[in-house]
Amino acid sequence: MPVPTFPRTPAFWTAAGLLLLILAASGVPTPLYRVYQEQFGFGPGMLTIVFGIYAFALLATLLVVGGLSDHVGRRPVLVGGLLLQAAAMGIFLAADGIGWLLAARVVQGLSVGALTGTLGALLLDTQRPERPLGPLLNSAAPGLGLSAGVVGAGLAVEFADSPTRWIFAVLTVAVLGAAGIVAFLPETSPRAPGALASLRPTVRVPRSQRSAFLTALPVLVAAWALGGLYLSLGPSLAASVFGLEAPLIGSLLVLAMQGTAAFGAVVGHNLPAERAMVAGASVFAAGVAGTIAALLTGETVVLFLSAVVSGLGFGMAFLGAVATSSAGVAPGERAGLLSSVFVVGYLSFSVPAIIAGSLSAAVGLERVAEVYAAVLVVLALTAVAGVRMRRRRAARPERPVGAAQESLAA
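Residues numbered from 1 in each chain as written. Predicted model: local features only at pLDDT ≥ 70, side-chain atom pairs only at ≥ 80, totals over all residues. Heavy atoms only, no water.

Hey, could you go over the environment of Phe342 for me, with residue numbers and the actual values?
When you line up the elements, Phe342 lands in helix H14 (residues 334-363). For the pair Phe342 and Gly117, spaced 225 residues apart in the sequence, the C-alpha separation amounts to 7.7 Å. (Helix = DSSP H or I, 4+ residues; strand = E, 2+ residues; numbered from the N terminus.)

Give a description of a nonpolar patch on the surface that names residues and reports values.
Where nonpolar side chains cluster on the molecular surface, the patch consists of Ile355, Leu359 and Val363 and spans about 260 Å² of accessible area. Positionally, Val363 belongs in helix H14. (Patch = residues over 30% accessible without salt bridge, like charges linked within 9 Å, V, L, I, M, F, W, Y side chains within 5 Å. Areas by Shrake-Rupley, 256 points an atom, 1.4 Å probe, with all protein chains shown as cover. Salt bridge = Lys/Arg side-chain N within 4 Å of Asp/Glu carboxyl O.)

Kindly report on the nonpolar core, identifying the contributing residues and their values.
Core analysis: the largest hydrophobic core is formed by 122 residues, its most contacted members being Phe168, Phe284 and Tyr346. It is helix H10 (residues 210-242) that provides the largest number of residues to this core, a total of 16 residues. Contacts of Phe284, omitting those with residues within four sequence positions, involve Ala222, Ala223, Leu226, Ser310, Gly313, Phe314, Leu376 and Ala380. Counting five residues, the second-largest nonpolar core is a separate cluster that includes Val65, Val72, Val77 and Ala114. (Core = buried A, V, L, I, M, F, W, Y, C linked by side-chain atoms within 4.5 Å. Buried < 20%, exposed > 50% of the residue type's maximum accessible area, 1.4 Å probe, protein only. Contact = heavy atoms within 4.5 Å.)

A description of the pattern of salt bridges should follow, citing residues and the corresponding values.
Two side chains bearing opposite charge may form a pair once their charged atoms approach each other closely. Taken as a whole and assessed by the stated rule, the structure comprises three salt bridges. Between Asp125 and Arg74 there is a salt bridge, with its nearest N and O atoms 2.8 Å apart. Here Asp125 is found in helix H6 (residues 98-126), whereas its partner Arg74 is found in helix H5 (residues 74-94), with 51 residues between them in sequence. The burial state of Asp125 is the same as that of Arg74; both residues are buried.

I'd love a proper account of the environment of Val283, names of residues and values included.
Mapped onto the fold, Val283 is located in helix H12 (residues 273-297). Residue classification places Val283 among the partly exposed positions, given a relative accessible area of 25%. In contact with Val283, not counting residues within four places along its chain, are Val309, Leu312 and Gly313.

Describe the packing of aromatic side chains, and please don't skip the residues or the numbers.
Scanning all chains against the criterion turns up eight aromatic pairs. A ring pair is formed by Phe6 and Phe184, whose centres lie 5.9 Å apart and whose planes are at 25 degrees; its orientation type is stacked. Residue Phe6 is found in the segment before helix H1 (8-27), and its partner Phe184 is found in the loop between helix H8 (163-181) and helix H9 (195-198); the two are separated by 178 residues along the sequence. Judged by its relative accessible area of 30%, Phe6 falls in the partly exposed class. Measuring from centroid to centroid gives 5.8 Å for Trp224 and Phe349, while their planes differ by 75 degrees, and the two rings are edge-to-face. Placement of the pair is Trp224 in helix H10 and Phe349 in helix H14, with a sequence separation of 125 residues. Across the pair, exposure class does not vary: Trp224 and Phe349 are buried alike. (Phe/Tyr/Trp six-rings, centres within 6.5 Å; stacked < 30°, edge-to-face > 60°.)

So, in structure tokens, the structure goes:
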């Protein structure tokens with residue numbers, strides 16, 4: 001007897017809840033890194049490797065299975081990804097050295113890589129046509145999920161005995177329960193040929209979407225690179241530069257940036273896609289400039305205010321970038337396109353942070369962060385310029401072929 005499935009609206013919100021759960025689990029290790037540093041004795045360079053190896057595993061999975069659910073269906077990929085996530089939580093639970101942390105982050109990266117594009121595509125599949133909230137949820141979920149995970153773990157470190165034990169025990173049970181819920185979701189992507197071919201590592205951006213995707217690229221890189229800095233080195237930066245030693249304070253800094261990113265996505269929801277991206281990139285650039293000012297002056301209030309403004313711009317810009325890139329994309333190409341967006345995101349999330357962590361021992365974390373932030377301001381403003389150039393090209397009347405030929409003949 002077939003299992004009854006949720007109608008469209010409950011399925012949409014269930015997919016949103018699953019995405020938030022997975023992203024929250026991925027943010028949990030951030031406040032725990034300093035705990036692990038004390039327990040296992042490693043420095044900022046190794047910390048960013050532990051952080052970065054997760055993103056590389058996630059990236060590799062996106063490249064290989066990012067579009068698989070377009071061929072085999074959403075539900076099989078969801079179940080496999082959730083079981084991998086439960087395994088990662090179990091490895092964290094048993095961790096007693098740096099090798100265990102690396103293994104746990106690899107498995108977690110494989111899981112999130114399989115789930116991100118698939119859940120994002122499921123949100124687009126099940127959204128109501130008259131009220132399309134899929135792009136909004138895809139844009140707001142990273143900020144909401146990561147904030148919930150980081151702050152929850154920060155509270156556990158501050159107030160609970162053996163925080164790593166019970167955090168990962170609870171998450172293991174929650175993720176296994178989520179795998180069971182998948183049976184009640186409707187299958188929105190019928191089986192289609194080409195599953196094996198889809199496993200070839202490629203970045204699949206449909207030809208019709210390439211111009212918009214390239215326009216959005218600089219702000220995607222800038223926004224996710226700032227997120228990588230906050231989630232890997234944010235607590236260390238708060239402690240070493242601003243003297244904020246408490247783990248919960250470092251978590252609140254991440255919340256100031258990631259939480260307002262979700263709010264920024266809501267603010268930009270009713271704006272046209274390109275306008276949201278331009279407004280978000282401009283606000284983001286102003287916020288990151290404020291971060292540079294905070295680093296130069298050592299003012300904690302300026303640091304938190306700049307994180308709030310940067311996050312607001314992040315949310316608006318990322319929403320605009322996703323909506324611009326996915327406008328009009330065919331259903332069978334949605335998961336592949338969203339995976340391409342997240343490939344850019346997670347590559348930007350990891351590589352700059354690893355470079356920053358490696359250079360911090362020689363140059364100093366404060367100086368590295370200042371240069372890092374300045375590069376992000378330039379990238380965000382490049383995206384603004386790119387949209388304006390694209391608009392001018394679209395508004396320019398095309399000359400008839402005959403007139404062009406006469407001009408050449410003259």
